[in-house]
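# A look at the structure
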Amino acid sequence: MADIDYAVADHIATITLNRPQRKNAFTLEMIDTWANALIEAEHDPNVRVVVLTGAGGSFCSGVDLTVLDTIEPTPLGAKNLLTRHVHRVAHAAEALNKPYLAAVSGDAFGAGMDMALLADIRLASESARFSQAYIRVGLVPGDGGCYLLPRIVGTATALQLMWTGRVVGAQEALSLGLVSAVHPDDALEKEVLELATQIARQPPVAVQMIKRSTRLGEKHDLRTALDLISSHHAVVMSTEDSHEARRAMVEKRPAHYVGR
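Cut-off values and rules
Residues numbered from 1 in each chain as written. Predicted model: local features only at pLDDT ≥ 70, side-chain atom pairs only at ≥ 80, totals over all residues. Heavy atoms only, no water. Helix = DSSP H or I, 4+ residues; strand = E, 2+ residues; numbered from the N terminus. Rg over C-alpha atoms; globule rule 2.2 N^0.38 Å. Buried < 20%, exposed > 50% of the residue type's maximum accessible area, 1.4 Å probe, protein only. Contact = heavy atoms within 4.5 Å. Areas by Shrake-Rupley, 256 points an atom, 1.4 Å probe, with all protein chains shown as cover. Polar contact = N/O pair within 3.5 Å; in protein donor to acceptor, adjacent residues only side chain to side chain. Pairing = 2+ DSSP bridges. 1 Å grid on protein atoms, 1.4 Å probe; cavity = no way out; pocket = protein on both sides within 12 Å on 5 of 7 lines; lining within 4 Å. Points joined across faces, edges and corners; volume = space filled by probe spheres on them. Axes fitted to C-alpha atoms, helices over the stretch in contact; angles between N-to-C directions. Nonpolar A, V, L, I, M, F, W, Y, C, P; charged D, E, K, R; others polar. Salt bridge = Lys/Arg side-chain N within 4 Å of Asp/Glu carboxyl O.

### Overview of the overall build of the protein chain
- Scanning the protein chain for helices and strands turns up 10 helices and 9 strands.
- The globule rule puts the C-alpha radius of gyration for 260 residues at 18 Å, and the 19 Å found for the protein chain is close to it.
- The burial tally for the protein chain puts 46% of its 260 residues in the buried class.
- A sequence separation of at least 24 residues applies to 67% of the contacts in the protein chain between residues at least 6 apart.
- Carbon and sulfur atoms make up 58% of the accessible area of the protein chain, which amounts to about 13500 Å² in all.

Here you go:
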């Protein structure tokens, strides 16, 4: 089996981290495959939702520390490890206009937690644990944690988690807003698939425009956001799917969307 599995079914692309013997710690080869999978999903018209998960009861324990032995032992070598490799996933995730869901079971530690933060929505199993564990090995969050975590849980809580590296269980993660829901371990896959399917059944262009407007709105003032949404609204209203949605509502039948 490959260290990362990518599969598409019923308009849902699933990326599975598949190194359970290492708690899905990622290698540089996995990073390339992961980033390429996100890029492929973005450009595949058959894909409407992307789901990220881990095999073997763990999400991702971060970078495989053996990777550090392969880089040039200089500050430039350490920087290039991130900018030329690990950050490829962050850039691909940011460029993904389609919904990106993370199903977190077991440990999401260090860069593994950062990778979960890149998702639009995180759902957790009862066994899920989160930790910004970088501080324990004398490092700083290297894959977007300092940027993403404060925007999700607030600055003070984010700093506390990053400064201490303490482990947060699933229920606390829910109370902090770090995850949207907690499910029994044996039900997480089903619940994530149900949510992904529900989203995939909506008009795809409208779904993507909602994501783009929301993400861009985090960086702009209200006037700019309203100007942007007026343009997005006009584009969406002109699509075949928008017309189909209105017809289906009038005719009281399920709508059938084609993604344009």
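Text resumes after the structure shown.
### Structural notes on the side chain of Ser242
- Along the chain, Ser242 falls in helix α10 (residues 240-251).
- You can call Ser242 buried: its relative accessible area is 12%.
- Polar side-chain contacts of Ser242 include one of 2.5 Å to the side chain of Arg246.

### Points about the environment of Leu68
- Relative to the helices and strands, Leu68 is located in the loop between β3 (49-54) and α2 (75-95).
- When the C-alpha positions of Leu68 and Gln208 are compared, they lie 37 Å apart, and in sequence the two are 140 residues distant.

### Overview of the sheet that holds strand β5 (residues 107-109)
- The sheet built from 3 strands is open, its strands ordered β5-β7-β8 with mixed pairing. Looking at strand neighbours, the two that pair on one side only are β5 and β8 (168-169), the edges of this open sheet.
- Pairing of β5 with strand β7 (residues 129-131) involves 3 bridges; the strand directions are parallel. Looking at the pairing, Ala108 lines up with Phe130 of β7.

### A closer look at the layout of surface pockets
- Volume-wise, the largest pocket comes out at about 920 Å³.
- Looking at the largest pocket, it is lined by 32 residues, and the ones nearest its centre are Glu94, Leu118, Asp120, Arg215 and Glu218.
- Where the lining of the largest pocket is concerned, the elements lending two or more residues are α2, β4 (100-104), β6 (121-125), α4 (145-153) and α8 (204-217).
- With 7 residues, α8 is the largest single contributor of residues to the lining of the largest pocket.

### Some details on the sheet that holds β4
- Ordered in space as β1-β2-β3-β4-β6-β9, the 6 strands form an open sheet in which the pairing is mixed. Two strands close off the open sheet at either side, each with one partner strand: β1 (4-9) and β9 (181-183). Neighbour-to-neighbour, the strand axes of this sheet turn through a mean angle of 20 degrees, independent of strand direction.
- Pairing of β4 with β6, which is carried by 4 bridges, proceeds in the parallel orientation. If you follow Ala102 over to β6, its bridge partner there is Arg122.

### Looking at empty space enclosed by the protein
- Within this structure, the stated rule accounts for 1 cavity of 30 Å³ or more.
- Roughly 30 Å³ of internal volume is contained in the largest cavity.
- Around the largest cavity sit Arg48, Ile199, Ala200, Gln202, Pro204, Val207 and Gln208, which together line it.
- Elements represented by at least two residues in the lining of the largest cavity include exactly α7 (188-200) and α8.
- Within the lining of the largest cavity, the residues separate by chemical class into 4 nonpolar, 2 polar and 1 charged.

### Things to note about the pattern of salt bridges
- Here the structure, examined in full by the defined rule, presents 15 salt bridges.
- When the shortest N-O distance is used, the salt bridge between Lys211 and Asp120 registers 2.8 Å. Highlighted residues: Lys211 in helix α8 and Asp120 in the loop between α3 (111-117) and β6, separated in sequence by 91 residues.
- Between Glu244 and Arg247 there is a salt bridge, and its shortest N-O distance comes to 3.3 Å. With a gap of 3 residues between them, Glu244 and Arg247 both fall in helix α10, about one helical turn apart.
- With relative accessibility at 8%, the residue Glu244 sits in the buried group.
- A relative accessible area of 41% places Arg247 in the partly exposed class.
- Overlapping salt bridges, with partners in common, bring together Asp120, Lys211, Arg215 and Glu218 in one network.

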